[in-house]
Amino acid sequence: MRGFRRLATNTRCKCGHVNSRSPQHVVVVGGGVAGAAAAHRLRMLRPDLAVTVLEGSSRIGGKLAVAEVGGVVTDVGAEAILARRPEGVDLARASGLDGDLVHPATTSASLWTRGSMRPLPRSLMGVPPDVRSLAAVVSRAGLARAALDGVLPPRALAPDEDVSVGALVEERLGREVVDRLVEPMLGGVYAGHARELSARAAVPQLVAKLDGRHSLTGAAAAVMLASGRERSDPREMASATAGGPVFAGLVGASVGSRVRHSLRPASPSRPAPWCVA
Ligand SMILES: Cc1cc2nc3c(=O)[nH]c(=O)nc-3n(C[C@H](O)[C@H](O)[C@H](O)COP(=O)(O)OP(=O)(O)OC[C@H]3O[C@@H](n4cnc5c(N)ncnc54)[C@H](O)[C@@H]3O)c2cc1C
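All of these numbers come straight from a predicted model, not from anything done at the bench.

About the criteria used
- Within each chain, residue numbers correspond to sequence positions counted from 1 in written order.
- Totals for whole chains, interfaces and linings use all residues, but because this is a predicted model, local features are given only for residues with pLDDT of at least 70 and pairs of side-chain atoms are given and counted only at 80 or more.
- Computation of side-chain values covers all heavy atoms of the structure but excludes hydrogens and water.
- Counting from the N terminus, the helices are the DSSP runs of H or I reaching at least four residues and the strands are the DSSP runs of E reaching at least two.
- Per-residue accessibility, obtained with a 1.4 Å probe over protein chains only, is compared with the maximum for each type, and a residue is labelled buried under 20%, exposed over 50%, and partly exposed between these values.
- For this analysis, residues touch if any pair of their heavy atoms sits within 4.5 Å.
- Using a 1.4 Å probe, accessible areas were evaluated by the Shrake-Rupley method; residue-level cover was limited to the displayed protein chains.
- Any residue with a heavy atom lying within 4 Å of a molecule or strand is counted as near it.
- In protein, a polar contact means a hydrogen-donor-capable atom and an acceptor-capable atom, both N or O and within 3.5 Å, with residues adjacent in sequence counting only if both atoms are side-chain atoms; elsewhere, any N or O pair within 3.5 Å suffices.
- Under the scheme applied here, ten amino acids are nonpolar (Ala, Val, Leu, Ile, Met, Phe, Trp, Tyr, Cys and Pro), four are charged (Asp, Glu, Lys and Arg), and all others, including Gly, are polar.
- Criterion used throughout: strands pair if DSSP finds at least two bridges between them.

**Focus on the overall build of the protein**
Part 1 of the reasoning: Secondary structure assignment for the protein yields nine helices and twelve strands.
Part 2 of the reasoning: Out of the 277 residues belonging to the protein, those deemed buried represent 35%.
Part 3 of the reasoning: Considering only contacts in the protein between residues 6 or more positions apart, those separated by 24 or more positions represent 66%.
Part 4 of the reasoning: Accessible surface, the protein as shown: approximately 15600 Å² in total, 55% of it carbon and sulfur.

**Let's talk about the site of the ligand**
Part 1 of the reasoning: In the vicinity of the ligand there are 25 residues, among which Ala 34, Glu 55, Gly 56, Lys 63 and Ala 80 approach most closely.
Part 2 of the reasoning: Within the backbone of Ala 34, an N or O atom sits 2.9 Å from an oxygen atom of the ligand.
Part 3 of the reasoning: Here Glu 79 contributes a side-chain N or O atom positioned 3.1 Å from an oxygen atom of the ligand.
Part 4 of the reasoning: About the coverage of the ligand: the protein hides 67% of its 1000 Å² of free accessible area.
Part 5 of the reasoning: Within the residue set of the shell around the ligand, elements represented by two or more residues are helix 1 (33-45) and helix 5 (175-190).
Part 6 of the reasoning: In terms of residue class, the shell around the ligand is made up of twelve nonpolar, eight polar and five charged.

**Regarding the pairing of strand 5 (residues 66-69)**
Part 1 of the reasoning: The pairing of strand 5 with strand 6 (residues 72-75) spans four bridges and is antiparallel. When the bridges of strand 6 are listed, Val 69 appears paired with Val 72.
Part 2 of the reasoning: In textbook terms, the turn of a hairpin is the stretch between consecutive antiparallel strands, and for strand 5 and strand 6 this stretch comprises two residues, one of which, Gly 70, has a positive phi near 60 degrees.

Take a look at the structure:
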């Protein structure tokens, strides 16, 4: 969501207007799932408000999208929510998607590498807790290089130091682990490149363990142990069978918000009786 502001009774907004009456109309800019959820929350808290979602493109959903790939209609953006936490599932239920929620049949994933499908090693964003688990996906030379992680002096990041995830993993485990594991994982989740993503932003829990006492794999193992994520349960994830954009659409529609497409608000150049911040 971009540019949402709550205007209370008799408050002065940034552009100088005193709102002497209760707010009547709130504009949410952006019709991705965050904007839809914000509209939903607003209407739950303040049913007296009119809520309009302005979406710059021709469709609602943002990064939630479906497309036909090889004749199969499939999600091409986010496809699952974390069911371990209640927020996403509750929102789906409140939007009428309850019966459409499904859990994956398995949490195992495979990687097409070196000419075949191979089980994806357990990892924290591509960083394995145990170097031996890499045997199926990296070459022998790559495995030997990764094993240096246990021999190199433990890594510590100074409080004001940051480094890209790719550089950190390459330094400790070698280039192959970045290219075959970290890049596919982070590329999918953050739509970015491992060598351009800040380690502090993308894997803060891992960085927190780099206190000069752990190898990188040791830090990943410690994080996974502490979070109880050594084993994953398929019920921890949920997807809406109806597909990505439908979720955002239903969330918005379920609260009666108006959605206006292909509209990008400009900053008001002169005082107006409304504010879009
Ligand atoms: C390939 C991929 C897979 C992912 N998989 C998962 C997953 O499985 N589970 C998960 O939880 N997350 C996943 N994510 C992340 C998740 O999709 C995003 O975090 C989430 O969808 C972002 O929602 P949003 O509403 O914040 O932003 P967006 O979806 O980007 O929506 C922003 C909307 O605002 C509109 N907009 C922007 N500027 C303006 C403007 N000035 N005026 C009007 N409209 C504007 C845009 O057109 C867009 O529709 C994935 C992301 C990607 C790319």
